[in-house]
Amino acid sequence: MALNKFMHPRNKYKSRKPDFKELAAKYDYFQDASSTSETGKVTIDFKDPIAARALTRALLEHDFGVKVSLPLDRLIPTVPQRLNYILWLEDIIGQETPARGIDIGSGSSCIYPLLGCRQNGWSFLASEVDDENILFARKNIEQNAMGDKIKVVKVTEDTLLLGLLEGSTETFDFSMCNPPFYSDHLEAQGITTARSDDRSDASSISTASEVESIAWGGEVRFVSQMIEESLQLKNRIRVYTSLLGKKNSVQAVKDFLQKKKVPKFATTEFCQGKTMRWGIAWTFDTTVVFPKSAFKEQKNAKPPLVCSVQRGAAGLQEYTVQTYIWFLRKLVEDLKINYYTKHCGKFYTCLILQAKSNTWSHQRRKRREREKKMNSSEPLDTPDCKTIENARAAEPQVKDLKEKCSESFEASVDNESEHSKEDEQSATKSTGDNEKMLHEDEIMDEVNVVKEKPDLGLDSEEATKGKKRKSTDYETDLDNKSKKLKENDEALSSDGVNKDKQCEPVVNLLKGPQMLSRHQIVQQFKKEQAENSASNAVKKTLSFYEKSEPFSENEECLLLCKFVLKKDEGEMSLALTHLAGNRETMHQIMQFFKNKLSVPST
């Protein structure tokens, strides 16, 4: 079983496998250790020590900028697995902390100090018992210019922590170790192992020397000695950690920790390919928080609740994700559930729902109460209804006012027409044309007098003696009146526009509210969606229950779940995945959605 999906979330090899073709083109030593098929695919033999060494060297140099030299007769580490250990320590002590650690048994590669120093700037005190391993470890430190950060010292086989720190008062943030797995040669050869006969052989080769793979009592006794020494050192090392190669060793070490009454400890899993290793950590500092095991959480996670969305569900004709996600969002908002849109696409939409309280139970009873309230005989006293009633009551008064204004206007026009005829008969022949123009202007003048009573700048005496005035006087008056009439017409036209705008609300009130059908609402939604998706459209306005930022899993709520609506191979489905809170409430919400998404009977 491939275990890459259980690798540490920040491990760069979890979702991106090494590109052998790229490595072969970039590094000659990897190209020499690999083979290329007729189709151009580059592969390596993992049981070949030369190929395994070339892969480790290439990955460290390509992905971390670390150059190493490795002997073929010593342990060749796998980079993704070692990176899992470093990332787990980051989770415990923090990525930003300039930490100082201890590596018990650095090996020839000195890979843990090199990765920790390159990744986080950590400094290390490393111990080693083998002379050849010390030689290569110091060489690797020097060629990566990390001599001021990493120090390797030689110790005896029975020296772990106490002998390493003897005569020193230094304190450290953590200790790490990859102990020898086996207790003797028989176990190392698989003769006395608990490995089942039907289990497949290992896909890679181990080049570890005897001092690196075998120790008296195996890894359980080795780690137990570390625990005994930690009881004396206590808080000189904040967090003690170790790798374990066998699953049955995990429980044995945990039992020993409980026996020694160590206040706080935790375990985790390191996964790569088909290989699993275990990590164990303990501390005497009660402020340390150990991360949860991602492997256990994913393995024990319950499957999501899934509901099939059939064609014609909820009476909607268009079988698209956009149509149904709009319908379901309205249901979510009706339930007063907050939601955050994580992804919205043509065939896949993901929301995060956060329910503060139960608003979906007893829907039938709530519906009956709403219907009873709507059918009650109590008069409506909403502002809109009052405004409409007042507007309708004022209609007869407005009509009478219009009729009176019209009669007054016609009478004024008739009186002025009679005066104009008398003036026209008494005018001289030489000024007949001018008097005719003046006659028309006077009529318009009197009409405007009725409307706004403008002052044309003429005295009453001059008006009665207009027939005795000279033609030049008439021309001057005519020009003045024309200018004044033009100004009055512009003022009247502007007033008329404003009055029309003021009348619009009353007209809309008299029309009353329009009730839209579900089909019309869907069409309106599509229109708004098209406008929002345009390149020049403004940012979408969020509804009251839609949030612009993701929810925190630590925030108190009744339920936090992931809502996914997707269309795959022409079929649509709805899925709810539990994230936090009461899982039983998620079943209730799914049942509510199922009821709303039923296909109406014909």
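It should be noted that the structure appears before, not after, this text.
The shown structure was predicted, so the numbers you read here are calculated from the model rather than taken from an experiment.

## Examining the overall build of the chain
Right, so step 1: When its secondary structure is counted, the chain shows 21 helices and 15 strands.
Right, so step 2: Out of the 602 residues in the chain, the part that is buried amounts to 38%.
Right, so step 3: Put simply, 71% of the contacts in the chain that link residues at least 6 apart link residues at least 24 apart.
Right, so step 4: Element-wise, carbon and sulfur atoms account for 49% of the exposed surface of the chain, whose accessible area totals about 36600 Å².

## A few points about the packing of aromatic side chains
Right, so step 1: Counting across every chain of the model gives 13 aromatic pairs.
Right, so step 2: Summarising the aromatic geometry, the rings of tyrosine 85 and tryptophan 88 are spaced 6.2 Å apart at their centres and angled 40 degrees between planes, so their arrangement reads as tilted. Pair noted here: tyrosine 85 and tryptophan 88 are both in helix 4 (residues 79-93), with a separation of three residues, about one helical turn.
Right, so step 3: Look at tryptophan 88 and you get buried, because its relative accessible area is 5%.
Right, so step 4: Geometrically, the ring pair formed by tyrosine 240 and phenylalanine 284 is edge-to-face, given 6.3 Å between the ring centres and 85 degrees between the ring planes. Of the two residues, tyrosine 240 sits in strand 7 (residues 237-244) while phenylalanine 284 sits in the loop between strand 9 (275-283) and helix 12 (294-300), which places them 44 residues apart along the sequence. Each of the two residues, tyrosine 240 as well as phenylalanine 284, counts as buried.
Right, so step 5: What links up through ring pairs into an aromatic cluster is the set Tyr85, Trp88, Tyr112 and Phe270.
Right, so step 6: In this structure, lysine 12 is placed above the aromatic ring of phenylalanine 64, and the distance from its NZ or CZ to the ring centre is 4.5 Å.
Right, so step 7: The aromatic ring of tyrosine 29 is capped on one face by arginine 57, whose charged end is 3.9 Å from the ring centroid.

## A word on the side chain of arginine 74
Right, so step 1: Residue position: arginine 74 is located in the loop between helix 3 (49-64) and helix 4.
Right, so step 2: A polar atom in the side chain of arginine 74 sits 3.1 Å from the side chain of aspartate 130.
Right, so step 3: The residues contacting arginine 74, other than those within four sequence positions of it, are Ser108, Asp130, Glu132, Asn133, Thr207, Ala208, Ser209 and Glu212.

## Focus: the pairing of strand 6 (residues 172-177)
Right, so step 1: Counting buried residues along strand 6, five of its six residues qualify, which places the element largely inside the surrounding structure.
Right, so step 2: Note that strand 3 (residues 100-104) and strand 6 share four bridges and pair parallel. Bridged to glycine 101 within strand 6 is phenylalanine 174.
Right, so step 3: With three bridges joining them, strand 6 and strand 7 adopt parallel strand pairing. From the neighbouring strand, phenylalanine 174 faces strand 7, where its bridge partner is valine 239.

## Observations regarding the sheet that holds strand 11 (residues 338-344)
Right, so step 1: Pairing is mixed across the open sheet formed by six strands, whose spatial order is 10-15-14-12-11-13. Both outer strands of the open sheet, strand 10 (305-309) and strand 13 (546-547), are each paired with one neighbouring strand and no more.
Right, so step 2: Across two bridges, strand 11 lies against strand 13 in parallel orientation. Each residue of the ladder has a partner; that of tyrosine 339, found in strand 13, is glutamate 546.
Right, so step 3: Contacts between helix 13 (residues 321-334) and the sheet are confined to strand 10, strand 11, strand 12 (348-355), strand 14 (559-568) and strand 15 (571-581), with strand 14 contributing the most and set at about 160 degrees to the helix.
Right, so step 4: Contacting strand 10, strand 14 and strand 15, helix 21 (residues 583-596) runs over the sheet at an angle of about 155 degrees to strand 15.

## As for the environment of tyrosine 29
Right, so step 1: If you trace the backbone, tyrosine 29 turns up in helix 2 (residues 28-33).
Right, so step 2: In the structure, tyrosine 29 is positioned 22 residues away from alanine 51 in sequence and 9.1 Å away in space, judged by C-alpha atoms.
Right, so step 3: Leave out the neighbours within four places in its chain, and tyrosine 29 touches Ala54, Arg57, Ala58 and Glu61.
Right, so step 4: Of the polar contacts made by the side chain of tyrosine 29, one reaches the side chain of glutamate 61; its length is 2.9 Å.

## Regarding the side chain of serine 109
Right, so step 1: Checked against the element boundaries, serine 109 lands in the loop between strand 3 and helix 5 (111-120).
Right, so step 2: In this structure serine 109 comes out as buried when scored by relative accessible area, which is 6%.
Right, so step 3: Residue contacts for serine 109: discarding those within four places in its chain leaves Val68, Leu70, Pro77, Leu114 and Asn140.

## Observations regarding helix 10 (residues 218-233)
Right, so step 1: If you check helix 10, its first and last C-alpha atoms are 23 Å apart, about what 16 residues at 1.5 Å a residue would give, namely 22 Å.
Right, so step 2: Turning to helix 10, its buried residues are Gly218, Glu219, Phe222, Val223, Ser224, Met226, Ile227, Glu229, Ser230 and Leu233.
Right, so step 3: Here the buried face of helix 10 lies against strand 3, helix 7 (162-165), strand 6, strand 7, helix 11 (247-259) and strand 9.
Right, so step 4: Within two residues after helix 10, lysine 234 carries a phi angle of roughly 50 degrees, on the positive side.

## Overview of helix 4
Right, so step 1: Look at helix 4: 21 Å from first C-alpha to last across 15 residues, which is about the 21 Å you get at 1.5 Å a residue.
Right, so step 2: For helix 4, the tally of buried residues reaches 14 of 15 residues, placing the bulk of the element in the interior.

## Remarks on the pattern of salt bridges
Right, so step 1: As enumerated under the stated definition, the model contains 10 salt bridges in all.
Right, so step 2: Residues arginine 10 and glutamate 90 are paired through a salt bridge, measuring 3.0 Å at the closest nitrogen-oxygen approach. Pair noted here: arginine 10 is in the segment before helix 1 (20-26) and glutamate 90 is in helix 4, with a separation of 80 residues, a long-range link.
Right, so step 3: Judged by relative accessible area, which is 4%, glutamate 90 ranks as buried.
Right, so step 4: Between lysine 154 and aspartate 131 there is a salt bridge, and its shortest N-O distance comes to 2.9 Å. Of this pair, lysine 154 sits in strand 5 (residues 150-154) while aspartate 131 sits in helix 6 (residues 131-143), placing them 23 residues apart in sequence.
Right, so step 5: Assessed through its relative accessible area of 48%, lysine 154 is described here as partly exposed.
Right, so step 6: Overall, aspartate 131 belongs to the exposed group, its relative accessible area being 52%.
Right, so step 7: Taken together, the salt bridges that share partners define one network made up of Asp73, Arg74, Asp130 and Glu132.

Parameters and conventions
Residues numbered from 1 in each chain as written. Predicted model: local features only at pLDDT ≥ 70, side-chain atom pairs only at ≥ 80, totals over all residues. Heavy atoms only, no water. Helix = DSSP H or I, 4+ residues; strand = E, 2+ residues; numbered from the N terminus. Buried < 20%, exposed > 50% of the residue type's maximum accessible area, 1.4 Å probe, protein only. Contact = heavy atoms within 4.5 Å. Areas by Shrake-Rupley, 256 points an atom, 1.4 Å probe, with all protein chains shown as cover. Phe/Tyr/Trp six-rings, centres within 6.5 Å; stacked < 30°, edge-to-face > 60°. Lys NZ or Arg CZ within 6 Å of the ring centre and 35° of its normal. Polar contact = N/O pair within 3.5 Å; in protein donor to acceptor, adjacent residues only side chain to side chain. Pairing = 2+ DSSP bridges. Axes fitted to C-alpha atoms, helices over the stretch in contact; angles between N-to-C directions. Expected span 1.5 Å × (residues − 1). Salt bridge = Lys/Arg side-chain N within 4 Å of Asp/Glu carboxyl O.

All we've got here are geometric facts, nothing functional implied.
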